[in-house]
Amino acid sequence: MQEDPLGRLRGLCLALPETTERLSHGEPTWFVRDRKTFVMFADHHHDDRLAFWCAAPPGTQEALTAQDPGRYFRPPYVGHRGWLGVYLDVPVDWTEIAEIVTEAYRVIAPKTLVARLEA
């Protein structure tokens, strides 16, 4: 049985404080306090690959895309802001994906919510 990447990603995103999900640009997207996007699913919307796009700390996009371009990429539209694209149609390390999603949340969420991750 194949795993469901959308279901796994959804679970990681919705486990973070005060996150919501709704469609944005035709794709499932996760928001902090229903306002600021931190992760967007990309189901062949812009190319023929299954992936997600997320906020990333400064320098992360450049480092990961240089290190492993088969797993990471600069997404269209938001790549110039440092967002990271992560392919889901390759073997996926869900522990690493959880770290990437949590970092995306940290970049976007207010400090009061980020502090709840430390508690």
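## Points about unusual backbone geometry
Then comes step 1: One non-glycine residue, His25, lies in positive phi territory at about 55°.
Then comes step 2: Turning to its location among the elements, His25 is positioned in the loop between strand S1 (19-24) and strand S2 (27-32).
Then comes step 3: On the basis of relative accessible area, His25 is assigned to the exposed category, the value being 66%.
Then comes step 4: For Asp34, which is not glycine, the phi dihedral falls at a positive 60°.
Then comes step 5: The residue Asp34 is located in the loop between S2 and strand S3 (36-43) in this model.
Then comes step 6: Taking relative accessible area as the criterion, Asp34 reaches 41% and is therefore assigned partly exposed.

## Some words on the sheet that holds S2
Then comes step 1: Overall, antiparallel pairing links the six strands, which are arranged S1-S2-S3-S4-S6-S5 in an open sheet. Either end of the sheet is taken by a strand with one partner, and the two such strands are S1 and strand S5 (72-73).
Then comes step 2: Of the pairings in the sheet, the one linking S5 to strand S6 (residues 84-87) comprises two bridges and is antiparallel in character. Looking at S6, one finds that Phe73 is bridged to Gly85.
Then comes step 3: Across the sheet, helix H2 (residues 60-67) is in contact with S5 and S6; its angle to S6 comes to roughly 35°.
Then comes step 4: Sheet strands touched by helix H3 (residues 94-108): S1, S2, S3, strand S4 (50-54), S5 and S6. Its angle to S3, the strand with the most contacts, is close to 140°.

## Considerations on the nonpolar core
Then comes step 1: Core analysis: the biggest nonpolar cluster contains 37 residues, and Leu9, Trp30, Phe38, Val39, Phe52, Leu84 and Val101 have the highest contact counts within it.
Then comes step 2: Of all the elements in the fold, those that place two or more residues in this core are helix H1 (5-14), S2, S3, S4, S5, S6, H3 and helix H4 (111-118).

## Thoughts on the environment of Leu16
Then comes step 1: Secondary-structure assignment places Leu16 in the loop between H1 and S1.
Then comes step 2: Here the alpha-carbon distance between Leu16 and Tyr105, two residues 89 residues apart in the chain, equals 7.8 Å.
Then comes step 3: Residues within four places of Leu16 in sequence aside, it is in contact with Phe38, Val101, Thr102, Tyr105 and Leu117.

## Structural notes on the packing of aromatic side chains
Then comes step 1: Enumeration over the complete set of coordinates arrives at three aromatic pairs.
Then comes step 2: Considering the side-chain rings of Phe38 and Tyr105, the 5.5 Å spacing of their centres and the 80° angle between planes classify their relative orientation as edge-to-face. Here Phe38, found in strand S3, pairs with Tyr105, found in helix H3; they are 67 residues apart in sequence, far enough to count as distant.
Then comes step 3: When its relative accessible area of 0% is taken as the criterion, Tyr105 is described as buried.
Then comes step 4: Residues Phe73 and Tyr87 carry aromatic rings whose centres are separated by 4.5 Å and whose planes lie at 25° to one another, so their mutual orientation is stacked. Of this pair, Phe73 sits in strand S5 while Tyr87 is found in strand S6, placing the two residues 14 residues apart along the sequence. Accessibility classification places Phe73 together with Tyr87 in one group, the buried group.
Then comes step 5: Stacked on the ring of Phe31, the Lys or Arg Arg22 has its end atom at 3.7 Å from the ring centre.
Then comes step 6: Stacked on the ring of Tyr87, the Lys or Arg Arg49 has its end atom at 3.6 Å from the ring centre.

Rules used throughout
- Residues numbered from 1 in each chain as written.
- Predicted model: local features only at pLDDT ≥ 70, side-chain atom pairs only at ≥ 80, totals over all residues.
- Heavy atoms only, no water.
- Helix = DSSP H or I, 4+ residues; strand = E, 2+ residues; numbered from the N terminus.
- Buried < 20%, exposed > 50% of the residue type's maximum accessible area, 1.4 Å probe, protein only.
- Pairing = 2+ DSSP bridges.
- Contact = heavy atoms within 4.5 Å.
- Axes fitted to C-alpha atoms, helices over the stretch in contact; angles between N-to-C directions.
- Core = buried A, V, L, I, M, F, W, Y, C linked by side-chain atoms within 4.5 Å.
- Phe/Tyr/Trp six-rings, centres within 6.5 Å; stacked < 30°, edge-to-face > 60°.
- Lys NZ or Arg CZ within 6 Å of the ring centre and 35° of its normal.

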